[in-house]
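This is what each chain is made of:
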Amino acid sequence: MRVGVVWGRAGLGLLFASVGWAQAIDTRESSFERMQPSTQALQRDDTQNPAMLWVQSGRLAWSMPPTASSTPSAKACAHCHGNIDQLKGVATGYPKFSQPMGRVVNLSQRINQCRVEHQQQAAWPPEHETLLGIEAAIAKVSRGQALAPMSANVSPPLQASQDRGQVLFGTRIGQINLSCRDCHSTLAGQRLGGSPIVQGHPTAYPIYRLAWDNMGSLQRRIRSCMTAVRAQPFEFGAQELIDIEAHLARRAQGMASESPGVRP
């Protein structure tokens, strides 16, 4: 039997030519691979990663009850869920179908659900510092684990959301008439205005983006892309954004979580 060796960017596969069988090579890559070394260094070093400030504040918020005087009996997140370090793997399963909410939600919406129903507090608005901090703290616990939105039984509502998101991913929008797929699949690896076009996998969210000088969610990034192609962005929390998130999570199934990430 003759055995040939096939080299690929994502790994090494063995080609057994005599039986016509080849090991599949995963060509997906995180946008981390396309960043400048200086930006990569920021993400690698937790003492330099600016997103860690949000992680620290999120861990503190997790362990403390709400401060609103109107509900003095409200408990901390840790009262029900325990130490945040016990939530390893939780963040990798979102978006997911929430039985209590009756719909597919992302992690920030699940956090807000607990805040409203169990702490009797008003929901944090999108991109709120504390909300991003708690989300980043939960996500960091799962750093290095595989994204697994399909690890459990995929509910029909989640699959429907993922499928709708796939359609939206391939739909051209805006005055520039581009879809997410046009850039992040067809043109991935090329350059636009001197910047690399990445594959667009959600492996590092929430992220600290240097262009924002701030922490931000995946929905904020998607909305930025919509604005860039001169389309009207969906409102935060819109079903369309949840559907796109669900599709992106399925598209990145098995890739390693690297949250909280740093991006240009």
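Heads up: the structure comes first, above all this text.
As the structure is a prediction and not an experimental result, all values here were calculated from the model.

Caption draft 1: Just helix H5 (residues 129-141), in detail. Given a rise of 1.5 Å per residue, 13 residues ought to cover 18 Å, and the 19 Å separating the end C-alpha atoms of H5 matches this to within 8%. When you tally the buried positions in H5, you get 10 out of 13 residues, the bulk of the element. Those residues of H5 not exposed but buried are Leu-131, Leu-132, Gly-133, Ile-134, Glu-135, Ala-136, Ala-137, Ile-138, Ala-139 and Val-141. Elements in contact with the buried residues of H5: helix H2 (52-63), helix H4 (107-119) and strand S9 (214-216).

Caption draft 2: The arrangement of the sheet that holds S9 in detail. Pairing is mixed in the open sheet, where three strands are placed in the order S9-S8-S10. In the strand order of this sheet, the two ends are held by S9 and strand S10 (261-263), each with one partner. Within this sheet the neighbouring strands show an average axis-to-axis angle of 35°, counted without direction. Sheet topology places strand S8 (residues 207-209) next to S10; three bridges connect them, and they run parallel. Bridge pairing in S10 links Ile-207 to Gly-261.

Cut-offs applied
Residues numbered from 1 in each chain as written. Predicted model: local features only at pLDDT ≥ 70, side-chain atom pairs only at ≥ 80, totals over all residues. Heavy atoms only, no water. Helix = DSSP H or I, 4+ residues; strand = E, 2+ residues; numbered from the N terminus. Expected span 1.5 Å × (residues − 1). Buried < 20%, exposed > 50% of the residue type's maximum accessible area, 1.4 Å probe, protein only. Contact = heavy atoms within 4.5 Å. Pairing = 2+ DSSP bridges. Axes fitted to C-alpha atoms, helices over the stretch in contact; angles between N-to-C directions.

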